[in-house]
Amino acid sequence: MGRRRSSHGDSSSGNNNHPQVTKLCIDDDELPEEMNTPSTNLDQSMSEADTAAAVIGSDKTSADYYFDSYSHFGIHEEMLKDSVRTKTYQDVIYKNTFLFKDKIVLDVGAGTGILSLFCAKAGAKHVYAIECSQMADMAKEIVETNGFSNVITVLKGKVEEIELPVPKVDIIISEWMGYFLLFENMLDTVLYARNKWLVNDGIILPDKASLYLTAIEDHEYKEDKIEFWNDVYGFDMKCIKKQSIMEPLVDTVDQNQIVTNSQLLKTMDILKMASGDVSFTAPFKLRAERSDYIHALVAYFDVSFTQCHKLMGFSTGPRSRSTHWKQTVLYLEEVLTICEGEVLSGSMTVSQNKKNPRDVDITLKYELNGQRSKSSGTQHYKMR
């Protein structure tokens, strides 16, 4: 099943994410398959060519590419048009105004200020919107244009370096999620803000995030994009193949490609977790739902807002409506043949890259002791 797919470096998303309408105000027993466990985004990489264009203002001096990338209109357009993402946040706020009435709110990584505007309209006493990129200047203008200057204060700078005009806030809201949930490591910034400013009985939105794993058949794409390097006009370029397979790809996976069940790897309670919890090792057992080949494992995540009147949230899984986060595909070096009912077991270790904590290192260990395949291996991936 060939797919037009790009590496995560070719897509973009800001403090956050892509498009459509989610299931909202759902009861526990109405949750989709991918959210039937207590639920567990922000991507924004752009090509260097894209980086050279569409930057807000001409006086950009930041050497930090991460924040520079959020100065692009296109990233914010993509996230705002992701209606699964944006409409969920809007409904969480508008349908639960009791949470926001007369409360002080901190918006971490505010971007255009859309979440701050939602909160102000829902009755927040005051909203402090922190944005480090040059989009902060646009956010200030947007806030003023829409008549909320007396309710929303936009603060330009890094969360770790800013001092708020108030000692504590009642609510922290953020769209921090990246590809593979943790790419770009904005979660650490949210946890820093929580530790410094959130009142003891305060809330965080969203407050739960869960990472899942499944396995897929993907012969055509792997053959076209990875095996291609075996013979390039008669020359052996397998050294590039080794590098290409180490870089996870971000794209929409057709649900018909799914071969196994989905396994919950990790649930993060944003209100209680420690910063170090973003690095972890989790076991998995994926049971084949049909006899097929396995070419790759696929990771995706859910987020939940459990403080709402009714549980609300969304999934980025292949069986749910498309978002700009899509799914993260990790190709295996070998092709596994699995029969219905057999189990692919192993573990996944996720950690921040030591040189660049916004990058993610992934180590996958797997084993299959099946009727047609007996195999085990360890592979390393880098999201950068």
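Anything mentioned here points back to the structure above.
Quick caveat: nothing in here was measured; it's all calculated off a predicted structure.

A.B. asks: Can you help me understand the overall build of the protein in this one?
C.D. replies: What the protein contains, in helices and strands, is 9 helices and 16 strands. Of all 384 residues assigned to the protein, the portion counted as buried reaches 57%. Here the protein displays about 16200 Å² of accessible surface, and carbon together with sulfur accounts for 49% of that area.

A.B. asks: Is there a simple way to explain the pairing of strand E7 (residues 208-216) in this structure?
C.D. replies: Within a regular strand, side chains alternate between the sheet's two faces. In terms of burial, E7 is a largely internal element, 9 of the 9 residues being buried. Sheet topology places E7 next to strand E9 (residues 263-269); 6 bridges connect them, and they run antiparallel. Bridge assignment links Ser 210 to a residue of E9, and that residue is Thr 267. The pairing of E7 with strand E11 (residues 292-305) spans 9 bridges and is classified as antiparallel. Looking across to E11, one finds that Ser 210 is bridged to Asp 302.

A.B. asks: Even after reading the chapter, I still don't get the environment of Arg 321, so can you show me in this structure?
C.D. replies: With respect to the helices and strands, the residue Arg 321 is situated in the loop between strand E12 (312-315) and strand E13 (327-338). With relative accessibility at 45%, the residue Arg 321 sits in the partly exposed group. In this structure, the C-alpha to C-alpha distance between Arg 321 and Ser 83, residues 238 residues apart in sequence, is 9.8 Å.

A.B. asks: Got a minute to help me understand the packing of helix H4 (residues 83-94) against helix H5 (residues 114-121) in this structure?
C.D. replies: To characterise two packed helices, one gives the angle between the axes of the helices and the distance between these axes. At their nearest, the axes of H4 and H5 sit 9 Å apart, and the two run at 20 degrees to each other. With respect to H5, the element H4 is oriented roughly parallel. Here H4 runs over H5; the crossing is right-handed. In this structure, H4 contributes Thr 86, Tyr 89, Gln 90, Ile 93 and Tyr 94 to the contact, and H5 contributes Ile 114, Leu 115, Phe 118, Cys 119 and Lys 121. Residue composition of the contact of H4 with H5, grouped by class: 7 nonpolar, 2 polar and 1 charged.

A.B. asks: Looking at this structure, I do not really get the environment of Lys 374. What am I missing?
C.D. replies: The residue Lys 374 is located in strand E16 (residues 374-383) in this model. If we skip the residues at most four places from it in the chain, Lys 374 touches Leu 368 and Asn 369. There is a polar contact of 3.0 Å between the side chain of Lys 374 and the side chain of Asn 369. A polar atom in the side chain of Lys 374 sits 3.2 Å from the backbone oxygen of Gly 370.

Cut-offs applied
- Residues numbered from 1 in each chain as written.
- Predicted model: local features only at pLDDT ≥ 70, side-chain atom pairs only at ≥ 80, totals over all residues.
- Heavy atoms only, no water.
- Helix = DSSP H or I, 4+ residues; strand = E, 2+ residues; numbered from the N terminus.
- Buried < 20%, exposed > 50% of the residue type's maximum accessible area, 1.4 Å probe, protein only.
- Areas by Shrake-Rupley, 256 points an atom, 1.4 Å probe, with all protein chains shown as cover.
- Pairing = 2+ DSSP bridges.
- Axes fitted to C-alpha atoms, helices over the stretch in contact; angles between N-to-C directions.
- Parallel < 35°, antiparallel > 145°, perpendicular 65-115°, else oblique.
- Left-handed = near helix turned anticlockwise from the far one by under 90°.
- Contact = heavy atoms within 4.5 Å.
- Nonpolar A, V, L, I, M, F, W, Y, C, P; charged D, E, K, R; others polar.
- Polar contact = N/O pair within 3.5 Å; in protein donor to acceptor, adjacent residues only side chain to side chain.

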